[in-house]
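Chain by chain, the residues:
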Amino acid sequence: MTTYTLNLKVFWSLAGCVLAALLLLFISSPPDGAESGPDGCRGQALWLAWLTKLALALAILALLLGFCSSRGRSSRRGSPESSARVASSKRELLEDFYKRHIRLSPHVLGHSKAHVAKLVGELVRAGRLEVPTESSLAFRGDFVQIGSSYEEHKVGHPDCFDILVPLRLPRGLRLEPRGGCGPGLEDASLCVLETPRRSEWTRKHKTFTEAFLSLDPSGTAYRLTPEAVLRWFYMAATRCLSTVRYPFERRCSLGLSLSEDRVLLQLTPRSDYVCCHISMVVRLVPALPLGDGAYWVAAGQSSPGALWTAYLPRQEQKLLGWLKGRLPVSSCHLKCLQLAKALRDLSGSALGSQGAAEWRAVLSSYSLKTAWLRLLLATPSEAWEERHLLERLEDLLRSVRDCLHHRSLGHLFMGGDGSLLPDFLAVPKPIKSSAPSNLWAGFSPADLDLVAARLAYSWTHLHRLIRLGRPQRASQGGRVPCKHMDAEGLDGSGQQT
């Protein structure tokens, strides 16, 4: 719905002209009955006419004074001092919001990460000890910690962790990535993993072929099916969890579930060992090694077909470490990304279920992180000092809107602007030679325009959004006060004060 506002300059100008014209008409024309009738009536009419003219003159003077004062207020509103006051107010609001709802407790984060690492480490070691057949998938025995909880830009409580679990392919099986700019694939980061043409291995290992592979449309090669790998991984993780759960269940109850393209390990605390009684969810992601610290992971149900996508956690972690060494000690870069994600969550909470899902899909955490990394690489390090937080957050949201208007957000490592990246980052050959990848390739221009408009509206009405909105918490289950909260400046609800 379009909203119209009154233009005060035009209003006062028109009102003044109309009243001035009326005054001239009254002055130029004699009052009715001024030339006829008794002397008393004629004098009374003259006095009434002059009083009317005087009232009109005073009204015009009041309108002119109102017009001048409105111009003065508008000029003061646009003055540097007024802009500084508005920026200071928004900065104070963001700082208060960050302290109350976004900032992580180092104590809670450290305990949570340690507990998750111990449990997942035991689970993958149990999987490695299983003796697999020669033509079967197997745990490699290690895991890779990824995501915002480990990169220090998690919002709110550290109640969700992402873990890559590398798998070992059967001996002798070779898989080659196909796709990228191929028919039917809009995103160059998506591919299928195929066996070589006329592979002898698939004919010798019928059991594995029937369980995990499917024929390509031409009928000459086999493709690794993500759904089959995920089902095997879920059953293998269930067996491993049953062997290691006893010592952990004295402190928390454990549960394993299959959700879309992830296996979710749920931890519900029974004692204060899991700090502050935070229920945690660990997303276990099966991954196939690609080389140089890169992996193939399932593309998810939103991408139909036997599609995989490359993930480069080692390169991203090296890049973050390198950037951290270049930035000032009091850098606001992590706080900037946290506030951007919190603003996205607040604005999405006011939408319906379908609108919120589309909003979150476009402004995913990985999309925001990609735009944030591009801004970090293109901005001088001294510009990220704490005092420039508001300017950098505005820059980040503006760059996201610009990318939305251009319908493109390039992957940082796949066909992106190589001049932004430092030379020491080694990228596997299949990734380095891939075509440019657009993270928003699967979205319609209309959806991207709506998200851009909503993002601009959210920033303009930030005060109202923060005051009326409630931060969304991903953790489940109740919480009780923790004995360590007083030292961290927390209240009993787990929110930072």
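Another aspect to go through is the overall build of the protein chain. For the protein chain, the helix and strand inventory stands at 17 helices and twelve strands. Every one of the 497 residues in the protein chain was classed for burial, and the buried ones make up 45%. Within the protein chain, contacts between residues separated by at least 24 positions form 68% of all contacts whose residues are at least 6 apart in sequence. If you sum the accessible surface of the protein chain, you get close to 26,100 Å²; carbon and sulfur atoms cover 56% of it.

A separate point is the nonpolar core. Counting 105 residues, the largest nonpolar core has Leu224, Leu284, Leu319 and Val400 as its most contacted members. Of all the elements, helix H8 (residues 226–248) adds the most residues to this core, at eleven residues. With residues near it in sequence (within four places) discarded, Leu284 still touches Val120, Ile163, Val165, Phe233, Leu256, Arg262, Val263 and Leu265.

Direction vectors running N to C along helix H11 (residues 353–362) and helix H15 (residues 445–460) enclose 90 degrees, while the axes themselves pass 10 Å from each other. Compared by their axis directions, H11 and H15 come out roughly perpendicular. Contacts from Glu358, Trp359 and Val362 in H11 reach Asp447, Leu448, Val451, Arg454 and Leu455 in H15. Among the residues making up the contact of H11 with H15, the classes are represented as five nonpolar, no polar and three charged.

Summarising the model, the protein chain shows a mean pLDDT of 79, and 72% of its residues fall at 70 or more. Per-element confidence in the protein chain is highest for helix H13 (residues 389–405), whose mean pLDDT is 95, and lowest for helix H17 (residues 485–488), whose mean pLDDT is 37. Scored below 50 in pLDDT, residues 33–37 makes four contacts in the model with residues more than four places away or belonging to other chains. Across residues 472–497, where pLDDT falls below 50, the model places 57 contacts with residues more than four positions away in sequence or in other chains.

Below, the discussion takes up the pattern of salt bridges. Summed over all chains, the structure comprises 25 salt bridges. Salt-bridge contacts for Arg178 lead to Glu176; the nearest nitrogen and oxygen are separated by 2.6 Å. On the basis of relative accessible area, Glu176 is assigned to the partly exposed category, the value being 23%. The salt bridge partner of Arg245 is Glu249, with a shortest N-O separation of 3.0 Å.

Taking 1.5 Å per residue as the helical rise, helix H10 (residues 333–349) with its 17 residues ought to reach 24 Å, and the 25 Å between its terminal C-alpha atoms agrees with that figure. Counting buried positions along H10 yields 15 of 17 residues, so the element is predominantly enclosed.

Tallied over the full model, the rule gives seven aromatic pairs. Ring centres 6.0 Å apart and planes at 40 degrees place the aromatic pair Phe139 and Trp232 in the tilted group. Of this pair, Phe139 sits in strand E1 (residues 138–139) while Trp232 sits in helix H8, and the two are 93 residues apart along the sequence. Neither residue differs from the other here; Phe139 and Trp232 are each classed as buried. Its end group placed over the ring of Trp322, Arg326 keeps NZ or CZ at 4.7 Å from the ring centre. Lying across the ring of Tyr98, Lys335 places its NZ or CZ 4.8 Å from the centre.

Parameters and conventions
- Residue numbers restart at each chain and count upward from 1, following the sequence in its written direction.
- The predicted origin of the model limits local features to residues at a pLDDT of at least 70 and limits the giving and counting of side-chain atom pairs to 80 or more, whereas totals for whole chains, interfaces and linings rest on all residues.
- Calculation of side-chain values draws on the structure's entire complement of heavy atoms; hydrogens and water are dropped beforehand.
- For the purposes of this entry, the term helix denotes a DSSP run of H or I that reaches at least four residues, the term strand denotes a run of E that reaches at least two, and both are numbered from the N terminus.
- In this scheme, a residue with accessible area under 20% of its type's maximum is buried, one over 50% is exposed, and one in between is partly exposed, where area comes from a 1.4 Å probe on protein chains only.
- The contact rule is simple, with two residues in contact once any of their heavy atoms fall within 4.5 Å.
- In this description, accessible areas are obtained by the Shrake-Rupley approach with a 1.4 Å probe, and a residue is regarded as covered only by the protein chains that are shown.
- As used here, the term nonpolar core means buried Ala, Val, Leu, Ile, Met, Phe, Trp, Tyr and Cys residues forming a set that is joined through side-chain atoms within 4.5 Å.
- Orientation is described by lines fitted to C-alpha atoms, with helices fitted over the stretch in contact, and by angles between N-to-C directions that extend from 0 to 180 degrees.
- In this scheme, roughly parallel covers angles under 35 degrees and roughly antiparallel covers those over 145, while 65 to 115 is roughly perpendicular and the rest are oblique.
- Note that Gly is not counted as nonpolar here; it falls among the polar residues with everything else outside the nonpolar set of Ala, Val, Leu, Ile, Met, Phe, Trp, Tyr, Cys and Pro and the charged set of Asp, Glu, Lys and Arg.
- pLDDT runs from 0 to 100 and stands for how confident the predictor is about each residue.
- Salt bridge, as applied in this entry: a Lys or Arg side-chain nitrogen positioned within 4 Å of an Asp or Glu carboxyl oxygen.
- The length a helix should cover is 1.5 Å for every residue beyond the first.
- Pairing of aromatic rings covers Phe, Tyr and Trp, the last counted by its six-membered ring, and requires centre-to-centre distances within 6.5 Å; plane angles under 30 degrees mean stacked, over 60 mean edge-to-face, and any other angle means tilted.
- The rule is short: NZ of Lys or CZ of Arg within 6 Å of the ring centre and within 35 degrees of the ring normal puts a charge over the ring.

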